[in-house]
Amino acid sequence: MKKNILLITVSLLILSLALAGCTTNTPANDESKSDKTVLRVGATPLPHSEILNIIKPKLEEEGITLEIIEFTDYVKPNLALDSKEIDANFFQHTPYMESFAREHNIKLASAAKIHVEPLGLYSKKIKSVDELKDGAVISIPNDPTNEGRALILLEAKGFIKLKEGAGLEATDKDIAENPKNLLFEPIDAAQLPRTLDDVDAAVINTNYALEAGLNPSKDALIIEGSESPYANILTIRPDDKENENIKKLVEALQSDDVKSFIEEQYKGAVVPAF
(Lines give C-alpha, C1' and ligand atoms only; values in the text may rest on other atoms or scores of the structure.)
Protein backbone atom coordinates (compact mmCIF):
# COMPACT_ATOMS: atom_id res chain seq x y z
CA MET A 1 0.00 0.00 0.00
CA LYS A 2 2.78 2.40 1.00
CA LYS A 3 4.59 1.47 -2.20
CA ASN A 4 1.55 2.41 -4.28
CA ILE A 5 1.16 5.74 -2.45
CA LEU A 6 4.85 6.50 -3.11
CA LEU A 7 4.47 5.74 -6.81
CA ILE A 8 1.38 7.95 -7.06
CA THR A 9 3.18 10.81 -5.26
CA VAL A 10 6.20 10.61 -7.58
CA SER A 11 3.95 10.52 -10.67
CA LEU A 12 2.03 13.59 -9.50
CA LEU A 13 5.30 15.43 -8.82
CA ILE A 14 6.61 14.67 -12.35
CA LEU A 15 3.31 15.74 -13.91
CA SER A 16 3.25 19.03 -11.96
CA LEU A 17 6.81 19.82 -13.03
CA ALA A 18 5.95 19.15 -16.68
CA LEU A 19 2.89 21.43 -16.48
CA ALA A 20 4.93 24.13 -14.77
CA GLY A 21 7.45 23.96 -17.62
CA CYS A 22 4.69 24.46 -20.17
CA THR A 23 3.12 27.45 -18.40
CA THR A 24 6.52 29.11 -18.02
CA ASN A 25 7.55 28.88 -21.68
CA THR A 26 4.32 29.69 -23.49
CA PRO A 27 3.80 33.32 -22.39
CA ALA A 28 7.43 34.17 -23.18
CA ASN A 29 7.07 32.85 -26.72
CA ASP A 30 3.78 34.65 -27.24
CA GLU A 31 5.25 37.90 -25.96
CA SER A 32 8.26 37.68 -28.27
CA LYS A 33 5.97 37.12 -31.24
CA SER A 34 3.70 40.04 -30.41
CA ASP A 35 6.57 42.46 -29.83
CA LYS A 36 8.53 41.62 -32.98
CA THR A 37 7.36 42.83 -36.39
CA VAL A 38 9.16 41.48 -39.45
CA LEU A 39 8.85 43.20 -42.84
CA ARG A 40 10.01 41.11 -45.79
CA VAL A 41 10.98 43.30 -48.74
CA GLY A 42 12.07 41.91 -52.11
CA ALA A 43 14.77 43.85 -53.98
CA THR A 44 17.39 43.58 -56.68
CA PRO A 45 20.95 43.82 -55.28
CA LEU A 46 22.12 47.22 -56.54
CA PRO A 47 21.21 49.84 -55.59
CA HIS A 48 17.98 48.66 -53.96
CA SER A 49 19.37 46.24 -51.35
CA GLU A 50 22.13 48.69 -50.48
CA ILE A 51 19.59 51.43 -49.85
CA LEU A 52 17.39 49.12 -47.77
CA ASN A 53 20.35 48.12 -45.62
CA ILE A 54 20.86 51.79 -44.72
CA ILE A 55 17.44 51.96 -43.05
CA LYS A 56 17.64 48.74 -41.03
CA PRO A 57 18.82 50.44 -37.81
CA LYS A 58 16.12 53.14 -38.01
CA LEU A 59 13.41 50.52 -38.44
CA GLU A 60 14.80 48.46 -35.55
CA GLU A 61 14.27 51.52 -33.35
CA GLU A 62 10.65 51.46 -34.49
CA GLY A 63 10.33 47.80 -33.50
CA ILE A 64 10.51 46.52 -37.08
CA THR A 65 12.99 43.94 -38.31
CA LEU A 66 13.65 44.43 -42.01
CA GLU A 67 14.34 41.21 -43.91
CA ILE A 68 15.67 41.80 -47.42
CA ILE A 69 14.93 39.09 -50.00
CA GLU A 70 17.16 39.50 -53.05
CA PHE A 71 15.95 38.78 -56.58
CA THR A 72 17.96 38.93 -59.79
CA ASP A 73 15.10 39.31 -62.25
CA TYR A 74 12.07 41.54 -62.82
CA VAL A 75 9.35 38.87 -62.66
CA LYS A 76 9.61 36.96 -59.37
CA PRO A 77 9.47 40.00 -57.03
CA ASN A 78 5.95 40.93 -58.17
CA LEU A 79 4.70 37.34 -58.14
CA ALA A 80 6.11 36.89 -54.62
CA LEU A 81 4.36 40.08 -53.49
CA ASP A 82 1.04 38.97 -54.95
CA SER A 83 1.30 35.56 -53.26
CA LYS A 84 2.17 37.26 -49.92
CA GLU A 85 5.60 35.68 -49.68
CA ILE A 86 6.91 39.22 -49.16
CA ASP A 87 5.31 42.43 -47.85
CA ALA A 88 6.70 44.86 -50.44
CA ASN A 89 9.25 45.06 -53.23
CA PHE A 90 11.70 47.69 -54.39
CA PHE A 91 13.10 47.37 -57.91
CA GLN A 92 10.73 48.84 -60.53
CA HIS A 93 9.13 52.01 -61.87
CA THR A 94 5.39 52.69 -62.19
CA PRO A 95 5.01 51.99 -65.96
CA TYR A 96 6.59 48.55 -65.51
CA MET A 97 4.47 47.79 -62.43
CA GLU A 98 1.26 48.73 -64.23
CA SER A 99 2.17 46.76 -67.35
CA PHE A 100 3.12 43.69 -65.29
CA ALA A 101 -0.08 43.86 -63.24
CA ARG A 102 -2.21 43.99 -66.40
CA GLU A 103 -0.34 41.14 -68.05
CA HIS A 104 -0.52 38.87 -64.99
CA ASN A 105 -3.97 39.99 -63.79
CA ILE A 106 -2.78 40.94 -60.31
CA LYS A 107 -3.20 44.08 -58.18
CA LEU A 108 -0.16 46.15 -57.21
CA ALA A 109 0.22 49.71 -55.93
CA SER A 110 2.95 52.28 -55.49
CA ALA A 111 3.62 53.35 -51.91
CA ALA A 112 6.27 55.98 -52.70
CA LYS A 113 8.85 57.23 -55.21
CA ILE A 114 12.41 56.68 -54.01
CA HIS A 115 14.96 57.28 -56.77
CA VAL A 116 15.62 57.45 -60.50
CA GLU A 117 18.08 55.12 -62.22
CA PRO A 118 18.88 56.74 -65.56
CA LEU A 119 18.92 54.27 -68.47
CA GLY A 120 22.20 54.39 -70.40
CA LEU A 121 23.84 53.19 -73.61
CA TYR A 122 27.12 51.28 -73.05
CA SER A 123 29.72 49.76 -75.34
CA LYS A 124 33.03 47.89 -75.26
CA LYS A 125 33.67 48.55 -78.94
CA ILE A 126 33.21 52.29 -79.33
CA LYS A 127 34.02 55.29 -77.16
CA SER A 128 31.49 57.71 -78.66
CA VAL A 129 28.05 57.42 -80.24
CA ASP A 130 29.54 59.15 -83.28
CA GLU A 131 31.38 55.88 -83.96
CA LEU A 132 28.17 53.86 -84.35
CA LYS A 133 28.36 52.37 -87.83
CA ASP A 134 25.57 51.76 -90.31
CA GLY A 135 23.85 48.50 -89.34
CA ALA A 136 25.24 48.49 -85.79
CA VAL A 137 23.61 45.98 -83.41
CA ILE A 138 22.19 47.32 -80.14
CA SER A 139 20.75 45.08 -77.43
CA ILE A 140 17.85 46.52 -75.44
CA PRO A 141 15.61 45.29 -72.57
CA ASN A 142 12.87 42.92 -73.72
CA ASP A 143 10.17 43.79 -71.18
CA PRO A 144 7.48 46.09 -72.61
CA THR A 145 8.12 49.29 -70.66
CA ASN A 146 11.91 49.21 -70.59
CA GLU A 147 12.09 48.33 -74.30
CA GLY A 148 9.96 51.37 -75.04
CA ARG A 149 12.03 53.43 -72.64
CA ALA A 150 15.25 52.42 -74.43
CA LEU A 151 13.83 53.36 -77.82
CA ILE A 152 12.55 56.68 -76.46
CA LEU A 153 16.08 57.42 -75.18
CA LEU A 154 17.55 56.68 -78.62
CA GLU A 155 14.86 58.81 -80.25
CA ALA A 156 15.61 61.69 -77.87
CA LYS A 157 19.26 61.54 -78.93
CA GLY A 158 18.35 61.59 -82.62
CA PHE A 159 19.18 58.01 -83.66
CA ILE A 160 15.67 56.89 -84.58
CA LYS A 161 12.16 58.28 -84.87
CA LEU A 162 9.15 56.41 -83.52
CA LYS A 163 5.68 56.35 -85.04
CA GLU A 164 3.32 58.95 -83.64
CA GLY A 165 1.51 57.62 -80.59
CA ALA A 166 3.91 54.70 -80.06
CA GLY A 167 3.92 55.48 -76.34
CA LEU A 168 5.88 54.03 -73.45
CA GLU A 169 5.51 50.45 -74.66
CA ALA A 170 6.97 51.02 -78.11
CA THR A 171 8.84 48.15 -79.79
CA ASP A 172 11.25 48.04 -82.70
CA LYS A 173 8.18 47.58 -84.94
CA ASP A 174 7.19 51.15 -84.03
CA ILE A 175 10.32 52.67 -85.54
CA ALA A 176 9.35 55.04 -88.36
CA GLU A 177 12.81 56.32 -89.26
CA ASN A 178 16.17 54.60 -88.76
CA PRO A 179 18.81 56.46 -90.79
CA LYS A 180 21.71 54.32 -89.54
CA ASN A 181 19.78 51.06 -90.10
CA LEU A 182 20.43 50.09 -86.49
CA LEU A 183 19.50 46.52 -85.56
CA PHE A 184 17.87 45.90 -82.19
CA GLU A 185 18.07 42.70 -80.13
CA PRO A 186 15.60 42.57 -77.22
CA ILE A 187 17.22 40.66 -74.34
CA ASP A 188 16.27 39.92 -70.73
CA ALA A 189 17.36 43.03 -68.80
CA ALA A 190 19.56 41.10 -66.35
CA GLN A 191 21.57 39.61 -69.23
CA LEU A 192 22.28 42.89 -71.07
CA PRO A 193 25.76 43.54 -69.60
CA ARG A 194 26.84 40.09 -70.84
CA THR A 195 25.93 41.03 -74.41
CA LEU A 196 28.53 43.81 -74.57
CA ASP A 197 31.15 41.43 -76.01
CA ASP A 198 28.85 40.46 -78.87
CA VAL A 199 26.99 43.65 -79.85
CA ASP A 200 28.08 47.16 -80.77
CA ALA A 201 26.24 48.70 -77.82
CA ALA A 202 23.59 47.91 -75.21
CA VAL A 203 20.97 49.97 -73.42
CA ILE A 204 21.25 48.85 -69.79
CA ASN A 205 19.26 49.60 -66.63
CA THR A 206 21.43 51.27 -64.00
CA ASN A 207 21.03 48.53 -61.37
CA TYR A 208 22.40 45.91 -63.77
CA ALA A 209 25.10 48.30 -65.00
CA LEU A 210 26.28 48.81 -61.41
CA GLU A 211 26.30 45.06 -60.75
CA ALA A 212 28.48 44.61 -63.85
CA GLY A 213 31.00 47.14 -62.54
CA LEU A 214 29.99 49.92 -64.94
CA ASN A 215 29.85 53.52 -63.79
CA PRO A 216 26.80 55.15 -65.42
CA SER A 217 28.06 58.70 -64.94
CA LYS A 218 31.40 57.84 -66.62
CA ASP A 219 30.85 54.82 -68.87
CA ALA A 220 27.48 55.56 -70.46
CA LEU A 221 27.77 56.98 -73.99
CA ILE A 222 24.32 58.56 -73.58
CA ILE A 223 22.14 58.59 -70.48
CA GLU A 224 18.70 59.76 -69.38
CA GLY A 225 18.55 63.05 -67.51
CA SER A 226 17.55 63.33 -63.86
CA GLU A 227 14.16 64.56 -65.10
CA SER A 228 13.29 61.01 -66.18
CA PRO A 229 9.70 60.09 -65.21
CA TYR A 230 10.77 56.51 -64.46
CA ALA A 231 11.26 56.82 -60.69
CA ASN A 232 11.83 53.54 -58.86
CA ILE A 233 9.07 52.92 -56.34
CA LEU A 234 8.27 50.90 -53.25
CA THR A 235 5.54 48.52 -54.43
CA ILE A 236 2.89 47.03 -52.16
CA ARG A 237 -0.46 45.29 -52.32
CA PRO A 238 -3.32 47.84 -52.52
CA ASP A 239 -4.81 46.62 -49.24
CA ASP A 240 -1.65 47.71 -47.39
CA LYS A 241 -1.77 51.41 -48.30
CA GLU A 242 -2.82 52.35 -44.76
CA ASN A 243 -0.61 49.77 -43.04
CA GLU A 244 1.34 51.57 -40.30
CA ASN A 245 4.46 49.44 -40.78
CA ILE A 246 4.51 50.21 -44.49
CA LYS A 247 4.18 53.91 -43.65
CA LYS A 248 7.21 53.63 -41.36
CA LEU A 249 9.12 51.89 -44.16
CA VAL A 250 8.28 54.74 -46.57
CA GLU A 251 9.29 57.36 -44.01
CA ALA A 252 12.65 55.65 -43.54
CA LEU A 253 13.26 55.33 -47.30
CA GLN A 254 12.46 59.00 -47.87
CA SER A 255 14.65 60.24 -45.02
CA ASP A 256 17.51 62.72 -45.28
CA ASP A 257 19.92 59.90 -44.43
CA VAL A 258 18.87 57.94 -47.52
CA LYS A 259 18.97 61.04 -49.70
CA SER A 260 22.53 61.80 -48.58
CA PHE A 261 23.58 58.16 -49.06
CA ILE A 262 22.25 58.07 -52.64
CA GLU A 263 23.95 61.33 -53.56
CA GLU A 264 27.31 60.39 -52.00
CA GLN A 265 27.38 56.70 -52.92
CA TYR A 266 26.26 56.86 -56.56
CA LYS A 267 27.42 60.37 -57.57
CA GLY A 268 24.69 61.00 -60.13
CA ALA A 269 24.29 57.41 -61.34
CA VAL A 270 21.23 57.20 -59.06
CA VAL A 271 19.18 60.31 -58.24
CA PRO A 272 16.79 60.81 -55.27
CA ALA A 273 13.16 61.25 -56.36
CA PHE A 274 11.85 62.79 -53.12
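For the structure, check the block above.
Residues numbered from 1 in each chain as written. Predicted model: local features only at pLDDT ≥ 70, side-chain atom pairs only at ≥ 80, totals over all residues. Heavy atoms only, no water.

Undergrad: Quick rundown of the side chain of Q92? Include the residues and the values.
TA: Topologically, Q92 is positioned in strand β3 (residues 88-93). At a separation of 2.9 Å, a polar atom in the side chain of Q92 contacts the side chain of T235. Dropping the residues within four chain positions of it, Q92 is found in contact with N78, M97, A231, N232, I233 and T235. (Helix = DSSP H or I, 4+ residues; strand = E, 2+ residues; numbered from the N terminus. Polar contact = N/O pair within 3.5 Å; in protein donor to acceptor, adjacent residues only side chain to side chain. Contact = heavy atoms within 4.5 Å.)

Undergrad: Outline the packing of helix α4 (residues 94-104) against helix α5 (residues 144-156), listing residues and values.
TA: Where α4 contacts α5, the two axes come as close as 8 Å, and the packing angle between them is 140°. Classified by the angle their axes make, α4 and α5 are oblique. On the side of α4, the interface is formed by P95, Y96 and S99, while α5 contributes P144, T145 and N146. Considered class by class, the residues forming the contact of α4 with α5 number 3 nonpolar, 3 polar and no charged. (Axes fitted to C-alpha atoms, helices over the stretch in contact; angles between N-to-C directions. Parallel < 35°, antiparallel > 145°, perpendicular 65-115°, else oblique. Nonpolar A, V, L, I, M, F, W, Y, C, P; charged D, E, K, R; others polar.)

Undergrad: Got a sec to walk through empty space enclosed by the protein? Specific residues and values, please.
TA: Inspection of the entire model under this criterion finds 1 cavity of 30 Å³ or more. Empty space within the largest cavity amounts to approximately 90 Å³. Lining the largest cavity, in full, are Y74, F91, Q92, H93, Y96, E117, N146, R149, N205, T206, N207 and N232. Where the lining of the largest cavity is concerned, the elements lending two or more residues are β3, α5 and α6 (206-211). Considering each element in turn, the lining of the largest cavity owes the most residues, 3 residues, to β3. Within the lining of the largest cavity, the residues separate by chemical class into 3 nonpolar, 7 polar and 2 charged. (1 Å grid on protein atoms, 1.4 Å probe; cavity = no way out; pocket = protein on both sides within 12 Å on 5 of 7 lines; lining within 4 Å. Points joined across faces, edges and corners; volume = space filled by probe spheres on them.)

Undergrad: Give me the lowdown on unusual backbone geometry, citing residues and values where you can.
TA: Comment: phi is negative for the bulk of residues other than glycine, and the bulk of peptide bonds are trans. Each neighbour pair has its own omega, and for L46 with P47 the value is -5°, a cis peptide bond. Locating P47 in the fold gives a position in helix α2 (residues 45-61). Notably, K84 is not glycine yet its phi reads approximately 65°, a positive angle. Structurally, K84 is set in the loop between α3 (76-82) and β3. Non-glycine residue N181 carries a positive phi angle of around 55°. Note that N181 resides in the loop between β8 (175-177) and β9 (183-187).

Undergrad: Help me get a handle on the pattern of salt bridges, residues and values and all.
TA: As enumerated under the stated definition, the model contains 8 salt bridges in all. For the salt bridge of E62 with K248, the shortest nitrogen-to-oxygen distance reads 3.9 Å. Here the residue E62 occupies a position in the loop between α2 and β2 (64-70), and K248 occupies one in helix α8 (residues 244-253), the gap between them amounting to 186 residues. Several salt bridges converge on common partners, so that one network encompasses E242, E244 and K247. (Salt bridge = Lys/Arg side-chain N within 4 Å of Asp/Glu carboxyl O.)

Undergrad: Which residues make up the pairing of strand β12 (residues 231-236), and what are the values?
TA: Among the 6 residues in β12, 6 count as buried, and that is most of the element. Where β3 meets β12, 4 bridges bridge the pair, whose relative direction is antiparallel. Pairing of H93 across the sheet is with N232, part of β12. Strand direction decides the pairing type here: strand β4 (residues 109-116) and β12, joined by 6 bridges, are antiparallel. Across the sheet, residue V116 finds its bridge partner in β12, namely A231. (Buried < 20%, exposed > 50% of the residue type's maximum accessible area, 1.4 Å probe, protein only. Pairing = 2+ DSSP bridges.)

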